[in-house]
Amino acid sequence: MSWCPPYRSSKFRHVYGKASTKEHGYHGIPITHSVHDNHYCSVNPRFIAIVTECSGGGAFLVLSIHHTGKVDPQHPRVCGHSARVLDVKWNPFDDHCIASCSEDCTVKLWDIPANGVYQNMTLPRKVLQGHSRRVNLIEWHPTARDLLVSSAYDYKVMVWDVSVCDSVLRNPVCVISLHTELVLSMSFNNDGSSLATTSLDKKIRVMDPRTGRLIQVSSSKLHRANKVVFIGDQNMLFSTGSSPWNQRQITLWDPDDLSEPLSEEEVDGGAGVLFPFYDPDTHILYLAGKGDGNIRYYEISSEKPYVHFLTEYYSLLPQKGLGVMPKRGLDVSSCEVFRFYRLVTVKDLVEPLSMIVPRRSPKTFQDDIFPMTAGNEAALTAQQWLSGINRGPVLMCLKPGSRIANPYPETLPRRGLSSFQSGGPGETGSTEQAFLQEQLAYQDAKYPREVADLSGWQPDETQAPGWAYTPHCCEPSECPPPRTESEVSGIGCHEGLPPNVKRLYILSVLNIKNTFLIWSCTSPFSPQNSFNSLNSECSKH
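Residues numbered from 1 in each chain as written. Predicted model: local features only at pLDDT ≥ 70, side-chain atom pairs only at ≥ 80, totals over all residues. Heavy atoms only, no water.

If you check an unreviewed UniProt entry, the protein appears there as Coronin from Oncorhynchus mykiss. Under the UniProt heading Sequence similarities (unreviewed entry), the note attached to the protein is "Belongs to the WD repeat coronin family." (UniProt positions renumbered as here; feature names shortened; annotations may be inferred.)

The structure is reproduced here in structure tokens:
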């Protein structure tokens, strides 16, 4: 008889969790007291958003990812909801766009300025009004731009195309009415062609998000599902829940046949909900329990027994929710393969937690643990996806200095400054004129007189040539925003920009509405001037 090792060999067997020091955490944040089983936190490489407790409405806090340490209690917030905020999610293809849902039955989209939030934001870019009861979950499409899915206490799941120009949307592209109980979680597969959900009836459903057609529904009575996530690269579903005797349980499914699970395992007798987080690059699945201080790691394989326990991270501080940093925001030089942001309500603390693979030479790029991963470029537009096209994510390389071309460039033109950047020598006049017109439209959209004036379009300032991101690392009281043009000129962030772009940058920082100085003119244009007079003046210079 052949000898079998007592453990399974894996390069991730010794992954360990490293909590940040006190200086690198976020302290003094009044985390929401909501009892819903949501994460209440969303992260991207630029910002972190945390749902906060407040009276008289709903609000969430948006901080620069580098704004660590003690947070000012009076720090400006995004407070445009009239009731408690239940979920927030960053747009995976736009680091400055965030969606929020609330008990006021609406979903709202917000554009966060490049330098962060320096005053309370109350006017969103778009308002989605379709649900009749409070909205508890939102999810962005993983590969298509401007597609958002929401679910609410009216038991409906709605698919929204937010690329339309209206500032208030009332008609979703698809309404899914397959559930008879509250939806508890949603997860897209790798290319976004299927949507899996769990609800209070403890069943898992797989459906077509374009048509709302039900594909599969679970019927097992030995597993009461609570959360679900697609194991996209393995074509599997992973769910957490409880057994009939109230033991916390993890289960692996074939999404094409939910009659019987592929694997089933009891975890412990805890009472908190288990949140699953899957990393398709390393095939590691993380289990974090609400109210627990520990996080378990499992490796998923395509062969039995499918789920392999690796190790566990322990902490004395219980977590209410967790945010996850996208792969493009990790520190590859320290072999960091995953990063959580734990919400610790007992200390009003948001604690970064890095998952690290120990290596002898961590400074050398480890391509075996950092393969090609999903980037921040969309593979297709909302209209293409609605027409029936499916595409996987556009991959990027995490190695510093490397760049992979988008295989679908014709479907994803750069917003706002594309014509200015790509114009040839013979197109200078038209491209610069188009650029200035776009900037005028941007200012009108950014500072509307009322909600009905929102145009729904704001270009990304980071596309400007020579733009450099300077994180806000100081307390708001120690480093207030500049009040005059001379103060902005002394910052130095705009050095090397063309004169017209430099001028527009200074005006955007000062938050001056509809006041533009073009090129090197000595007198500003009046806000009442028409576009025609502005364009004729531009042509003289």
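The subject of this paragraph is the nonpolar core. Counting 31 residues, the largest nonpolar core has Ile29, Ile48, Phe60, Val62, Ile112 and Tyr341 as its most contacted members. The set of elements that each furnish at least two residues to this core consists of β3 (41-43), β4 (47-52), β5 (58-64), β8 (85-90) and β30 (336-344). Ranked by the residues each element gives to this core, the list is headed by β4, at five residues. Not counting chain neighbours up to four residues away, the residues in contact with Val62 comprise Phe47, Ile48, Ala49, His75, Val78, Trp90, Ile112 and Val117. Listed in part, the 26 residues of the second largest apolar core include Val273, Ile284, Leu310 and Ile356. (Core = buried A, V, L, I, M, F, W, Y, C linked by side-chain atoms within 4.5 Å. Buried < 20%, exposed > 50% of the residue type's maximum accessible area, 1.4 Å probe, protein only. Helix = DSSP H or I, 4+ residues; strand = E, 2+ residues; numbered from the N terminus. Contact = heavy atoms within 4.5 Å.)

Quick look at the packing of aromatic side chains now. Each pair of aromatic rings is reported with the distance of its centres and the angle of its planes. Across all of its chains, the model carries 10 aromatic pairs by this definition. Judged by centre distance (5.7 Å) and plane angle (20°), the ring pair of Phe47 and Trp90 falls under stacked. Here Phe47, found in strand β4, pairs with Trp90, found in strand β8; they are 43 residues apart in sequence, far enough to count as distant. Across the pair, Trp90 and Phe47 agree in class, each one buried. Considering the side-chain rings of Tyr298 and Phe309, the 5.4 Å spacing of their centres and the 70° angle between planes classify their relative orientation as edge-to-face. With Tyr298 in strand β27 (residues 295-300) and Phe309 in strand β28 (residues 307-313), this pair connects stretches of sequence that are 11 residues apart. (Phe/Tyr/Trp six-rings, centres within 6.5 Å; stacked < 30°, edge-to-face > 60°.)

On to the environment of Asp37, then. In this fold, Asp37 is placed in the loop between β2 (26-27) and β3. Sequence-distant contacts of Asp37, defined by excluding residues within four places in its chain, comprise Lys227, Val273, Phe275 and Lys290. At a separation of 3.0 Å, a polar atom in the side chain of Asp37 contacts the side chain of Lys290. (Polar contact = N/O pair within 3.5 Å; in protein donor to acceptor, adjacent residues only side chain to side chain.)

Burial of strand β12 (residues 135-140) is extensive: five of the six residues sit out of reach of the surface. Here β12 runs beside strand β13 (residues 147-152); their pairing, made up of five bridges, is antiparallel. Of the residues in β13, the one forming a bridge with Trp140 is Leu148. Between β12 and β13, which pair antiparallel in sequence order, lie six residues; one of them, Asp146, sits at a positive phi of approximately 65°. (Pairing = 2+ DSSP bridges.)

A word on the confidence of the model for the protein. Per-residue pLDDT for the protein has a mean of 81; in total, 73% of the residues score no lower than 70. In this model residues 411-432 is a low-confidence stretch, pLDDT under 50, and it forms 42 contacts with partners more than four residues away in sequence or in other chains. Between residues 445-480, whose pLDDT stays under 50, and residues either more than four places distant or in other chains, the model counts 83 contacts. (pLDDT = per-residue confidence, 0-100.)

In the numbering used here, UniProt assigns the "repeat: WD" (unreviewed entry) feature to residues 78-112, 128-163 and 176-217. This span, residues 78-112, is 0% helix and 60% strand, and a straight line between its end C-alpha atoms measures 9 Å. As a span, residues 128-163 carries 0% helix and 50% strand, and end to end its C-alpha atoms are 12 Å apart.

Following the sequence through the fold, Gln384 ends up in helix α1 (residues 382-386). Each C-alpha atom, one on Gln384 and one on Arg145, is 9.7 Å from the other, the two residues being 239 residues apart in sequence. From its side chain, Gln384 meets the backbone nitrogen of Thr381 in a polar contact 2.9 Å long.

Before going further, it helps to examine empty space enclosed by the protein. Empty pockets left among the atoms are what a rolling probe the size of a water molecule brings to light. What the rule picks out here adds up to two cavities of 30 Å³ or more. The computed volume of the second largest cavity comes to approximately 30 Å³. In terms of lining residues, the second largest cavity is bounded by Phe238, Ile250, Thr251, Leu252, Ser263, Glu264, Glu265 and Val307. Those elements giving two or more residues to the lining of the second largest cavity turn out to be β23 (248-253) and β24 (263-268). Looking at the lining of the second largest cavity residue by residue, the class counts come to four nonpolar, two polar and two charged. (1 Å grid on protein atoms, 1.4 Å probe; cavity = no way out; pocket = protein on both sides within 12 Å on 5 of 7 lines; lining within 4 Å. Points joined across faces, edges and corners; volume = space filled by probe spheres on them. Nonpolar A, V, L, I, M, F, W, Y, C, P; charged D, E, K, R; others polar.)

Another point: the sheet that holds strand β18 (residues 195-199). Reading across from one edge, β17-β18-β19-β20 is the order of the four strands in this open sheet, with antiparallel pairing throughout. Taken across any chain shown, the strands that pair with only one partner, and hence form the sheet edges, are β17 (183-188) and β20 (214-217). For this sheet the average axis-to-axis angle between neighbouring strands, irrespective of direction, equals 20°. The sheet contact formed by β17 and β18 spans five bridges and is antiparallel. Looking at β18, one finds that Phe188 is bridged to Leu195. (Axes fitted to C-alpha atoms, helices over the stretch in contact; angles between N-to-C directions.)

Turning to unusual backbone geometry, a few remarks are in order. The linkage connecting Lys304 with the following residue, Pro305, adopts the cis geometry, with an omega of 5°. Within the secondary structure layout, Pro305 lies in the loop between β27 and β28. Positive phi, normally seen in glycine, also occurs at Asp146, with a value near 65°. Inspection of the secondary structure assignment puts Asp146 in the loop between β12 and β13. For Asp146, a relative accessible area of 22% gives the class partly exposed. Even without being glycine, Lys202 reaches a positive phi, approximately 70°. Examined against the element boundaries, Lys202 turns out to sit in the loop between β18 and β19 (204-207).

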